Amino acid sequence: DQQVKQNSPSLSVQEGRISILNCDYTNSMFDYFLWYKKYPAEGPTFLISISSIKDKNEDGRFTVFLNKSAKHLSLHIVPSQPGDSAVYFCAAKRRGGADGLTFGKGTHLIIQP
Amino acid sequence: NAGVTQTPKFRILKIGQSMTLQCTQDMNHNYMYWYRQDPGMGLKLIYYSVGAGITDKGEVPNGYNVSRSTTEDFPLRLELAAPSQTSVYFCASSPRGGALNTEAFFGQGTRLTVV
């Protein structure tokens, strides 16, 4: 039973355009959401996060939107750059939970020149 | 800035062998985690620790053991390796957990193949 779902295994976007990566979750106990970026043969690196009390968080070219009623979040990257090509993981944390993060399967973002 | 360091980076094991994956962090984080990532899948939690002397099972603990004798180190032990344990293993640490939200910092991973 997947509690965090990323339904697009891959996404191809032209350089300079907007990349939108989507994530859905099923567990109402999740209250903190994160996006991680992963290059081949490296560990995931933290990108941006959002608490369930907010609906938007922005950091430079990266914006995360949270729609709690739809249990949906999205990551927007504007403008997309070649270095953004990587696998992006959506992750969620339970309210009060010390037991780590629940991850989606990831979306492979490919930025085309 | 070493962060989270995992050794070895690669290892091939024969079925039935045992090994320890090492993880150490120099950020004085209380929370530490072991995840595994299978091809095309997300990371799944094996074990975690909220501080020295305290460990607990995650989603997929079978076939593994951990210990946490110091804040810095969180080794993962595989006993009687099986082909199903072929995976990439990631160690992570976090300064806070529970009700206080923060991101986790990951090591570079250990690619393990069991043949």
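Just so it is clear, the model here is predicted, and its values are computed rather than measured.

S.K.: Mind laying out the overall build of chain A, listing which residues take part and the relevant values?
M.R.: Along chain A, the regular secondary structure elements total zero helices and 11 strands. A principal-axis box enclosing the C-alpha atoms of chain A has dimensions of 40 × 30 × 20 Å. The buried share of chain A, reckoned over its 113 residues, is 46%. Here the contacts in chain A between residues at least 6 apart in sequence split such that 55% fall between residues at least 24 apart. Distance from the positive charge centre (13 side chains) to the negative charge centre (10 side chains) of chain A: 4 Å.

S.K.: Tell me about the state of the cysteines, residues and numbers included.
M.R.: Summed over the entire model, instances satisfying the criterion amount to two disulfides over all chains. The residue that forms a disulfide with Cys 23 of chain A is Cys 90 of chain A, at a sulfur-sulfur distance of 2.0 Å. Judged by the sign of its S-S torsion, about -75°, the cystine formed by Cys 23 of chain A and Cys 90 of chain A is left-handed. With Cys 23 of chain A in strand S3 (residues 19-25) and Cys 90 of chain A in strand S9 (residues 86-94), this residue pair connects regions lying 67 residues apart in the sequence. Judged by relative accessible area, which is 1%, Cys 90 of chain A ranks as buried. Disulfide pairing places Cys 23 of chain B opposite Cys 91 of chain B at an S-S distance of 1.8 Å. Across the S-S bond of Cys 23 of chain B and Cys 91 of chain B the torsion is about -70°, and the bridge reads as left-handed. Of this pair, Cys 23 of chain B sits in strand S3 (residues 19-25) while Cys 91 of chain B sits in strand S9 (residues 87-94), and the two are 68 residues apart along the sequence.

S.K.: How would you explain the sheet that holds strand S7 (residues 62-67) of chain A if you had to name every residue and give the values?
M.R.: Strand pairing in a sheet takes place through backbone hydrogen bonds and is either antiparallel or parallel in direction. Residues and elements named next belong to chain A. Pairing is antiparallel in the open sheet, where five strands are placed in the order S1-S3-S8-S7-S6. The outermost strands of the open sheet, each flanked by one partner alone, are strand S1 (4-5) and strand S6 (56-59). Pairing analysis gives six bridges linking S7 to strand S8 (residues 72-77), with the strands arranged antiparallel. Of the residues in S8, the one forming a bridge with Asn 67 is His 72.

S.K.: Could you give an account of the interface of chain B and chain A, naming the residues involved and the relevant values?
M.R.: On the side of chain A, 21 residues touch chain B, which itself brings 23 residues to the contact. Both faces combined, the contact of chain B with chain A buries some 1,700 Å², and carbon together with sulfur accounts for 62% of it. On the surface where chain B and chain A come into contact, there are zero salt bridges. Applying the counting rule to chain B against chain A returns two residue pairs in polar contact (both at pLDDT 80 or more). Listing elements by their share of the side of chain B that touches chain A, those giving two or more residues are strand S4 (31-37) and strand S5 (43-51) of chain B. Taken together, the residues that form the side of chain B that touches chain A break down as 13 nonpolar, nine polar and one charged.

S.K.: Can you tell me about the sheet that holds strand S8 (residues 76-78) of chain B, naming the residues and giving the values?
M.R.: Residues and elements named next belong to chain B. Ordered by their spatial adjacency, four strands build an open sheet running S1-S3-S8-S7, and the pairing between neighbours is antiparallel. Either end of the sheet is taken by a strand with one partner, and the two such strands are strand S1 (4-7) and strand S7 (64-66). Taking each pair of neighbouring strands and ignoring which way they run, the sheet shows an average axis angle of 20°. In this structure, S3 lies alongside S8, joined through three bridges in antiparallel fashion. Directly across from Leu 21, in S8, lies its bridge partner Leu 76.

Parameters at a glance
Residues numbered from 1 in each chain as written. Chains lettered and ligands numbered in written order. Predicted model: local features only at pLDDT ≥ 70, side-chain atom pairs only at ≥ 80, totals over all residues. Heavy atoms only, no water. Helix = DSSP H or I, 4+ residues; strand = E, 2+ residues; numbered from the N terminus. Buried < 20%, exposed > 50% of the residue type's maximum accessible area, 1.4 Å probe, protein only. Contact = heavy atoms within 4.5 Å. Lys, Arg positive; Asp, Glu negative; His and termini not counted. Charge placed at Lys NZ, Arg CZ, Asp CG, Glu CD. Disulfide = S-S within 2.5 Å. Pairing = 2+ DSSP bridges. Buried area = accessible area lost by both parts, 1.4 Å probe. Salt bridge = Lys/Arg side-chain N within 4 Å of Asp/Glu carboxyl O. Polar contact = N/O pair within 3.5 Å; in protein donor to acceptor, adjacent residues only side chain to side chain. Nonpolar A, V, L, I, M, F, W, Y, C, P; charged D, E, K, R; others polar. Axes fitted to C-alpha atoms, helices over the stretch in contact; angles between N-to-C directions.

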